[in-house]
Amino acid sequence: VQLVESGGGLVQPGGSLRLFCAASGFTFSSYRMSWYRQAPGKERELVAAVSSAGGSTNYADSVKGRFTISRDNAKNTVYLQMNSLKPEDTAVYYCNAQHLWADYWGQGTQVTVSS
């Protein structure tokens, strides 16, 4: 099983980034996919999640209206479009796959929002 995140980097406040999570080794279309983040000195928190078929999404209040999660089950990939980024969005972003007792994590990608 692999979850490989990419797309992180340094961006100025107000800018945008798109994160990618490429999945392999499991039946991607059966899994709820989520993005979490962890800032230094803080607990890991849920940012956004999408149901297995992509029909249902939910977001942390802090990112509603700015971030969009989506998935392409044909490409085994989940995305996080992040707009209007703020310094408080700075964190390591992790991809998560969950289904029944299975719970998989990627290695994370750093997002830094700074001028």
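Residues numbered from 1 in each chain as written. Predicted model: local features only at pLDDT ≥ 70, side-chain atom pairs only at ≥ 80, totals over all residues. Heavy atoms only, no water.

**Student:** Pulling in residues and values, what's your account of the packing of aromatic side chains?
**Tutor:** For the structure shown, the criterion picks out six aromatic pairs. Ring geometry for F26 and Y104: centres 5.4 Å apart, planes at 50 degrees, overall tilted. Here Y104 lies in strand 10 (residues 102–105) and F26 lies in the loop between strand 3 (17–24) and strand 4 (32–38), a separation of 78 residues in the sequence. Judged by its relative accessible area of 25%, Y104 is partly exposed. Grouping aromatic residues by their ring pairs yields a cluster made of F26, F28, Y31 and Y104. Directly above the ring of Y94 sits R44, whose terminal nitrogen or CZ lies 3.8 Å from the centroid. Sitting above the plane of the F28 ring, R71 keeps its charged end 4.4 Å from the centroid. (Phe/Tyr/Trp six-rings, centres within 6.5 Å; stacked < 30°, edge-to-face > 60°. Helix = DSSP H or I, 4+ residues; strand = E, 2+ residues; numbered from the N terminus. Buried < 20%, exposed > 50% of the residue type's maximum accessible area, 1.4 Å probe, protein only. Lys NZ or Arg CZ within 6 Å of the ring centre and 35° of its normal.)

**Student:** So what about the sheet that holds strand 8 (residues 77–82)? Which residues, and what values?
**Tutor:** The strands making up a sheet associate through hydrogen bonds between their backbones, and the pairing can be parallel or antiparallel. With respect to topology, four strands assemble into an open sheet ordered 1-3-8-7, the strand pairing being antiparallel. For this open sheet the edge positions go to strand 1 (2–6) and strand 7 (67–72), each flanked by a neighbour on one side alone. Neighbour-to-neighbour, the strand axes of the sheet open up by a mean angle of 15 degrees, direction not taken into account. Where strand 1 and strand 3 come together, five bridges link them in antiparallel fashion. Residue pairing across strands places L3 opposite A23, the latter belonging to strand 3. (Pairing = 2+ DSSP bridges. Axes fitted to C-alpha atoms, helices over the stretch in contact; angles between N-to-C directions.)

**Student:** How would you explain the pattern of salt bridges if you had to name every residue and give the values?
**Tutor:** Oppositely charged side chains can pair when the atoms bearing their charge come close. One pass over the structure, following the stated rule, counts four salt bridges. The partner of R37 in a salt bridge is E45, with the nearest N and O atoms 2.7 Å apart. D61 serves as the salt-bridge partner of K64, at 3.1 Å between the closest nitrogen and oxygen. Classification of K64 by relative accessible area gives partly exposed; the value is 49%. Judged by its relative accessible area of 65%, D61 is exposed. Look at the salt bridges and you will find they share partners, linking R37, E45, R66 and D89 into a network. (Salt bridge = Lys/Arg side-chain N within 4 Å of Asp/Glu carboxyl O.)

**Student:** Lay out the environment of S115 in plain terms, naming residues and giving numbers.
**Tutor:** Its location among the elements puts S115 in the segment after strand 11 (109–113). In this structure, the C-alpha to C-alpha distance between S115 and L10, residues 105 residues apart in sequence, is 9.1 Å.

**Student:** Let's hear about the state of the cysteines: which residues, and what values?
**Tutor:** This structure, assessed with the given rule, holds one disulfide. A disulfide bridge connects C21 with C95, and the sulfur atoms are separated by 2.1 Å. A torsion of -85 degrees about the S-S bond marks the disulfide between C21 and C95 as left-handed. Here the residue C21 occupies a position in strand 3, and C95 occupies one in strand 9 (residues 91–99), the gap between them amounting to 74 residues. (Disulfide = S-S within 2.5 Å.)

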